[in-house]
Amino acid sequence: MIYLIIYAIIAYAITVIVTESYIFSWLRSLLSKIKILGIFITCQVCISVWVGAFLSHFWFSPLQYIQAPMFQFPLLMDSLLTTGLVLFLYYIETFLTSK
């Protein structure tokens, strides 16, 4: 369980760094010149899918840890799981900072 929590925090951190941080502001301004890419680089859902695919392929697959039944497309399922975890953490952050 702790591995899944660490995975979710790392995925959320990478997603926020790419979509909102000052470090990647130059990339967001560069890609905003092309409308669809500008929307893509600021969308947490879009970026978290790719972050999930990257983390699952190169570091850790959460589906292997939770011993889910074998899916036909495990990389896609890991990406979707990552998106759900990132959105969950985002809504928690939004709720806690709105007060």
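These notes cover the structure that comes with them. Remember, it's a predicted structure, so these values are computed and weren't measured experimentally. (Residues numbered from 1 in each chain as written. Predicted model: local features only at pLDDT ≥ 70, side-chain atom pairs only at ≥ 80, totals over all residues. Heavy atoms only, no water.)

When helices and strands are tallied, the chain shows six helices and zero strands. When the helices and strands of the chain are placed in sequence order, the string is α-α-α-α-α-α. C-alpha atoms of the chain, sized along the principal axes, occupy 40 × 35 × 20 Å. The 99 residues of the chain split such that 31% are buried. The long-range share in the chain, meaning contacts at least 24 apart out of those at least 6 apart in sequence, stands at 63%. (Helix = DSSP H or I, 4+ residues; strand = E, 2+ residues; numbered from the N terminus. Buried < 20%, exposed > 50% of the residue type's maximum accessible area, 1.4 Å probe, protein only. Contact = heavy atoms within 4.5 Å.)

Attention now moves to the packing of aromatic side chains. The geometry of an aromatic ring pair comes down to the distance between the two centres and the angle between the two planes. For the coordinates displayed, the defined rule picks out six aromatic pairs. Summarising the aromatic geometry, the rings of Tyr 7 and Phe 60 are spaced 5.8 Å apart at their centres and angled 55 degrees between planes, so their arrangement reads as tilted. Separated by 53 residues along the polypeptide, Tyr 7 in helix α1 (residues 2-20) and Phe 60 in the loop between α4 (44-58) and α5 (62-65) bring together distant segments of the chain. Each of the two residues, Tyr 7 as well as Phe 60, counts as buried. Geometrically, the ring pair formed by Trp 59 and Phe 60 is tilted, given 5.6 Å between the ring centres and 55 degrees between the ring planes. Site record: aromatic cluster; members linked through ring pairs are Tyr 3, Tyr 7, Trp 59 and Phe 60. (Phe/Tyr/Trp six-rings, centres within 6.5 Å; stacked < 30°, edge-to-face > 60°.)

Here the focus is a nonpolar patch on the surface. Taken together, the side chains of Met 1, Ile 2, Tyr 3, Ile 5, Ile 6, Ile 9, Ile 10, Ile 14, Phe 54, Phe 58, Trp 59 and Tyr 65 define a hydrophobic patch exposed on the protein surface, amounting to about 1200 Å² of accessible area. Among the elements that make up the nonpolar patch, the one with the highest residue count is α1 (seven residues). Here Trp 59 is to be found in the loop between α4 and α5. (Patch = residues over 30% accessible without salt bridge, like charges linked within 9 Å, V, L, I, M, F, W, Y side chains within 5 Å. Areas by Shrake-Rupley, 256 points an atom, 1.4 Å probe, with all protein chains shown as cover. Salt bridge = Lys/Arg side-chain N within 4 Å of Asp/Glu carboxyl O.)

With 14 residues, the main nonpolar core has Tyr 7, Ala 11, Ile 41, Ile 47, Val 51, Leu 55 and Leu 85 as its most contacted residues. At the level of elements, α1, α4 and α6 (74-97) are the ones that each hand at least two residues to this core. No other element matches the six residues that α1 contributes to this core. Those residues within four positions of Leu 55 in sequence are excluded, and the remaining contacts are Tyr 7, Ile 10, Ala 11, Ile 14 and Phe 60. (Core = buried A, V, L, I, M, F, W, Y, C linked by side-chain atoms within 4.5 Å.)

The next subject is the packing of α4 against α6. The N-to-C vectors of α4 and α6 enclose an angle of 130 degrees; their axes lie 7 Å apart at closest approach. Regarding the angle of α4 to α6, the classification is oblique. Crossing handedness for the pair α4 and α6: right-handed. Contacts from Gln 44, Val 45, Ser 48, Val 49, Gly 52, Ala 53, Ser 56 and His 57 in α4 reach Leu 75, Asp 78, Ser 79, Thr 82, Thr 83, Val 86, Leu 87 and Tyr 90 in α6. For the contact of α4 with α6, the per-class residue count stands at seven nonpolar, eight polar and one charged. (Axes fitted to C-alpha atoms, helices over the stretch in contact; angles between N-to-C directions. Parallel < 35°, antiparallel > 145°, perpendicular 65-115°, else oblique. Left-handed = near helix turned anticlockwise from the far one by under 90°. Nonpolar A, V, L, I, M, F, W, Y, C, P; charged D, E, K, R; others polar.)

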